[in-house]
Amino acid sequence: MDASIHIDNLSKSYGTIQALKNINLDIHSGELFGLIGPDGAGKTTLFRLLATLLLPSEGVAKLCGIDSVAEYKKIRSFLGYMPGKFSLYQDLSVIENLEFFATVFNTRIEDNMDMIHDIWVQIEPFKNRLAGKLSGGMKQKLALCCALIHQPKILLLDEPTTGVDSVSRSEFWQMLKGLKKKGITIVVATPYMDEANLCERVALIQDGEILQVNSPAEIVEQFEKDLYSVKSDDNYQTLLDLREFEHTNSVFLFGQNLHFTDTRKQFAEDELKQYLKNKGRSNIVIEKIQASIEDCFMALSTKPEANE
Amino acid sequence: MNRFIGFLKKEFYHIFRDKRSMLILFGMPIVQILLFGYVINTDLKDVQMAVLDHSKDEYSAEIINKITSSGYFKLTENLESLEEADAVFRKGNVKVILVIEPDLGKNLIKNTAGNIQILTDASDPNTANLEVNYLQGILQNYNLEINRGKQTPLSIQAKSRMYFNANLESVFMFIPGIMATILMLVSAMMTSISIAREKELGTMEILLVSPLNPLQIILGKVAPYLVLSFINALVIIGMGYFIFGVPVLGSFALLMAESVLFIFLALSIGIFISTVSKNQQVAMMLSMFALMLPTIILSGFIFPIRNMPIPLQVFSNIIPPKWFIIILKNIMLKGVGIEYIWKETLILIAMTFGFIGLSLKKFKTRLE
């Protein structure tokens, strides 16, 4: 069964604003694919184009080899789509929502139980509760059930874990892995870089452009520089100091630490320590660390030429 | 078909679980009928009247008796002189003063003419006019009575009879108007809001991605309101008939058929409004201003169309309730058949098809 997505030179403009610029992307059949990027990068626009809800300004998108513009009706029958905003009926109960979406797709819940069983058991205890009264995580599980009720070949999930607690988030990803085993092509958009590692391949997207497409491991491997974590008593002041340091390649604040790269191949830890000491910082800790997806993203998004 | 039933079920859940919708659907028609039927009443009843009787003979006594026994007027004060009239009107309770000339009886017999003056408080001109007309009517009758059997020199007696509403009951006029207003409100406003709500909450996005086609979505949205509006039409006519005695002289089946046609028209207007509005707020405002006000003011419901300035008279032609009210009055009060109202019916049918066509064209299968 071919459930691939082929995107060729796809652009989308709203008036004078170009939301997507010449996107080229191939997502394989049965892949768990991540679309990683900050808010406003164009993730939702890309999803709506794939879901046949928007018309592209230029270019072609093909789902299962079917054109998203000319034959959008065909696509709608095998596509599962979960919009970023919770889009179920809040005044209908859990079971009523599910039944409604089952009838819309001309099917029955019982016939598709194998598909949704693992998720359904988690929300079944609340099946008579109104959807509007569910917690964030439960809402997303219900929305996923509704998107799966017609056994779609391709599942598009737009920020399914935004606003969901971390336990529910990891449960949600477990479910996606389960679904992948059933052969569904899953595309997930997320602003959380840490979720990228859970995908087989990811596309880093910013300002309507795809920075890189690769497996998370390879993206990290491509990070050529040595990365150091720098910590001191005053991180903000250290950040300003490091920006003035003559050999600084990049420096970003990451939670409690600063991530620093040097322009030189040979990096002298002591020299940096001494420089910061002279600037008046104390309790300086410098460690060499493994680059994360986020580091790569930062490197790619600030220096587009590093992509070439 | 299964799909459609599922969609209908969902729509009924929405309606029955939303207290606001239920109130608009079923509370409003009843409240409006009672309001218009009882409170807003242009008929005269117990108007307070003062009398300045200079004559005080049997004729004047009999005239006063006739007037007070009509039920329209109530004698509350006897005045001594004309100077008091001003003060009495200023107090505000007395609306009419009857001034009877001295020696009314003598003048009647001797000169064959007696004079009575009617003074009214015209700060409310319509009512003042009405009061004068009623009083003149009563005096006219008395005139005939005292001339009975006598040879009168050539005179023309105008006898009027009010057709289709012999007692000039204003509720006869209101029931068709209320029916048009309620059906318009329930059908157009409720459907436009319910479609706009799907857009606002993002559920329309999912419906669009599903294999449902636009026609199925629209029909599913419209059908529940068709049923509920039809029930409303029955309730309004029933209340009119049983509580206020508004007759249905023509064919009941024809009346219902015309009502269904008008409901269809209102629904298609509602769909059209929803296609041009992004959220519930806009849909509600559009329905209010584009539908409610013209329905109440320009349809001939309350204000007669022929008294409007020419531009408004022309404009009133494009207001659907105008035609529906004409149809209703014709069927209910005059008891005529389709041969007299086919023109109005055709106009409604044309408008319905026009709006359905526009909506189908404007309803998007995508988000933009």
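Predicted model only: the values in this text are computed from it and were never measured.

## What to know about the sheet that holds strand S2 (residues 73–78) of chain B
Residue and element names in this part refer to chain B.
Item 1. The strand order S2-S1-S3-S4 describes an open sheet built from four strands, whose pairing is mixed. Looking along the sheet, the strands with just one partner apiece sit at the ends: S2 and strand S4 (116–120). The average undirected angle you get between the axes of adjacent strands in this sheet is 30°.
Item 2. Pairing geometry for strand S1 (residues 47–53) and strand S3 (residues 96–100), over five bridges, is parallel. Its bridge partner being in S3, aspartate 53 is matched across the sheet by isoleucine 100.
Item 3. Sitting on the sheet, helix H6 (residues 125–147) is in contact with S1, S2, S3 and S4, with an inclination near 160° to S4.

## Regarding the UniProt feature "transmembrane region" (unreviewed entry) in chain B
Residues and elements named next belong to chain B.
Item 1. Under the UniProt annotation, the feature "transmembrane region" (unreviewed entry) is placed at residues 21–40, 171–196, 222–244, 250–273, 285–305 and 340–360.
Item 2. The distance from the first to the last C-alpha atom of residues 222–244 is 32 Å, and the span holds 96% helix and 0% strand.
Item 3. Taken end to end, residues 250–273 comprises 92% helix and 0% strand; its first and last C-alpha atoms sit 34 Å apart.

## Some details on helix H3 (residues 94–104) of chain A
Item 1. With nine of its 11 residues buried, H3(A) lies for the most part within the structure.
Item 2. Contacts made by the buried residues of H3(A) are with helix H4 (113–123) and helix H5 (136–148) of chain A together with helix H1 (2–17) and helix H8 (203–209) of chain B.
Item 3. At the C-terminal side of H3(A), A:Asn106 shows a positive phi close to 60°.

## A look at the packing of aromatic side chains
Item 1. Throughout the structure, instances matching the rule amount to 12 aromatic pairs over all chains.
Item 2. Taking 6.4 Å as the distance between ring centres and 20° as the angle between the ring planes, the aromatic pair formed by A:Tyr89 and A:Phe101 counts as stacked. Placement of the pair is A:Tyr89 in the loop between strand S6 (79–82) and H3 and A:Phe101 in helix H3, with a sequence separation of 12 residues.
Item 3. Judged by relative accessible area, which is 5%, A:Tyr89 ranks as buried.
Item 4. On the basis of relative accessibility, which here comes to 3%, the residue A:Phe101 falls in the buried class.
Item 5. With a centroid separation of 5.2 Å and 70° between ring planes, the pair formed by A:Phe100 and A:Phe101 is classed as edge-to-face. The same class applies to A:Phe100 and to A:Phe101, which are both buried.
Item 6. The rings of A:Tyr89, A:Phe100, A:Phe101 and B:Phe7 are connected pair by pair, giving a single aromatic cluster.
Item 7. Over the aromatic face of A:Phe78 sits the side chain of A:Lys153, whose NZ or CZ is 5.2 Å from the ring centroid.

Cut-off values and rules
Residues numbered from 1 in each chain as written. Chains lettered and ligands numbered in written order. Predicted model: local features only at pLDDT ≥ 70, side-chain atom pairs only at ≥ 80, totals over all residues. Heavy atoms only, no water. Pairing = 2+ DSSP bridges. Helix = DSSP H or I, 4+ residues; strand = E, 2+ residues; numbered from the N terminus. Axes fitted to C-alpha atoms, helices over the stretch in contact; angles between N-to-C directions. Contact = heavy atoms within 4.5 Å. UniProt positions renumbered as here; feature names shortened; annotations may be inferred. Buried < 20%, exposed > 50% of the residue type's maximum accessible area, 1.4 Å probe, protein only. Phe/Tyr/Trp six-rings, centres within 6.5 Å; stacked < 30°, edge-to-face > 60°. Lys NZ or Arg CZ within 6 Å of the ring centre and 35° of its normal.

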